[in-house]
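# Structure assessment
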Amino acid sequence: RTGKPGMGGISMLLIERGPGITTKRMDCQGVWPSGTTYVEFDNVKVPAANLIGGENEGFKVIMRNFNHERWGFVVQANRFSRCLLEESWTYSNKRSTFGKKLSEHPVIRWKLAEMARQVESTH
């Protein structure tokens, strides 16, 4: 915090590894490649030249990054849903119950159609 309380009192700083900085990788289930790390600072001095953006304007920097991240999540979720729909369709044509393929059962066809409707509606 470099200013008053609230979003107007946050600055973004680039802090290089050095004395007083310890890091510990966090175990995050399902997102191990994300590099989520716990960072601890103990009397670390940061040069004023390491300020990113203007003083007390760090919240804007954070929000710009969130917008990019959110777009990535949307794209990833959309792609996963398309892959899962394809896998469901393939499985329903392989597996048989009561002497018929799963895809020949009206309830399964309805579920697949509903999945397809929801997935395709995002395009």
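So, how was this worked out
- Residues numbered from 1 in each chain as written.
- Predicted model: local features only at pLDDT ≥ 70, side-chain atom pairs only at ≥ 80, totals over all residues.
- Heavy atoms only, no water.
- Salt bridge = Lys/Arg side-chain N within 4 Å of Asp/Glu carboxyl O.
- Helix = DSSP H or I, 4+ residues; strand = E, 2+ residues; numbered from the N terminus.
- Buried < 20%, exposed > 50% of the residue type's maximum accessible area, 1.4 Å probe, protein only.
- Axes fitted to C-alpha atoms, helices over the stretch in contact; angles between N-to-C directions.
- Parallel < 35°, antiparallel > 145°, perpendicular 65-115°, else oblique.
- Left-handed = near helix turned anticlockwise from the far one by under 90°.
- Contact = heavy atoms within 4.5 Å.
- Nonpolar A, V, L, I, M, F, W, Y, C, P; charged D, E, K, R; others polar.
- Expected span 1.5 Å × (residues − 1).

## With respect to the pattern of salt bridges
Considering all chains together, one arrives at two salt bridges under this definition. With its nearest N and O atoms 2.8 Å apart, the salt bridge here joins R82 to E120. With R82 in helix α1 (residues 58–94) and E120 in helix α2 (residues 106–120), this residue pair connects regions lying 38 residues apart in the sequence. On the basis of relative accessibility, which here comes to 29%, the residue R82 falls in the partly exposed class. Taking the shortest distance from any N to any O, the salt bridge between E114 and R117 comes out at 2.4 Å. Of this pair, E114 and R117 are both found in helix α2, three residues apart, which corresponds to roughly one turn of the helix.

## Brief notes about the environment of L84
With respect to the element layout, L84 can be found in helix α1. With relative accessibility at 54%, the residue L84 sits in the exposed group.

## What about the packing of α1 against α2?
A pair of packed helices is captured by two measures, namely the crossing angle of their axes and the spacing between those axes. For the pair α1 and α2, interaxial distance at closest approach is 10 Å and the crossing angle is 160°. With respect to α2, the axis of α1 lies roughly antiparallel. The two elements α1 and α2 cross, and the hand of that crossing is left-handed. Between α1 and α2, the contacting residues are N78, S81, R82, L84, L85, S88, W89 and S92 on the first element and I108, L112, M115, A116, V119 and E120 on the second. Residue composition of the contact of α1 with α2, grouped by class: eight nonpolar, four polar and two charged.

## Description of unusual backbone geometry
One non-glycine residue, N43, lies in positive phi territory at about 55°. When you line up the elements, N43 lands in the loop between β3 (37–41) and β4 (51–52). Here F98, not a glycine, exhibits a phi torsion of approximately 55°, which is positive. Relative to the elements of secondary structure, F98 occurs in the loop between β5 (96–97) and β6 (100–101). Overall, F98 belongs to the exposed group, its relative accessible area being 82%.

## A closer look at the side chain of N50
Within the fold, N50 resides in the loop between β3 and β4. Leaving out residues up to four positions away in the same chain, N50 has contacts with M12, L13, L14 and E16.

## Some remarks on α1
Given a rise of 1.5 Å per residue, 37 residues ought to cover 54 Å, and the 54 Å separating the end C-alpha atoms of α1 matches this to within 8%. Within α1, the full set of buried residues consists of G58, N78, L85 and S92. Packed against the buried residues of α1 are β1 (12–13), β6 and α2.

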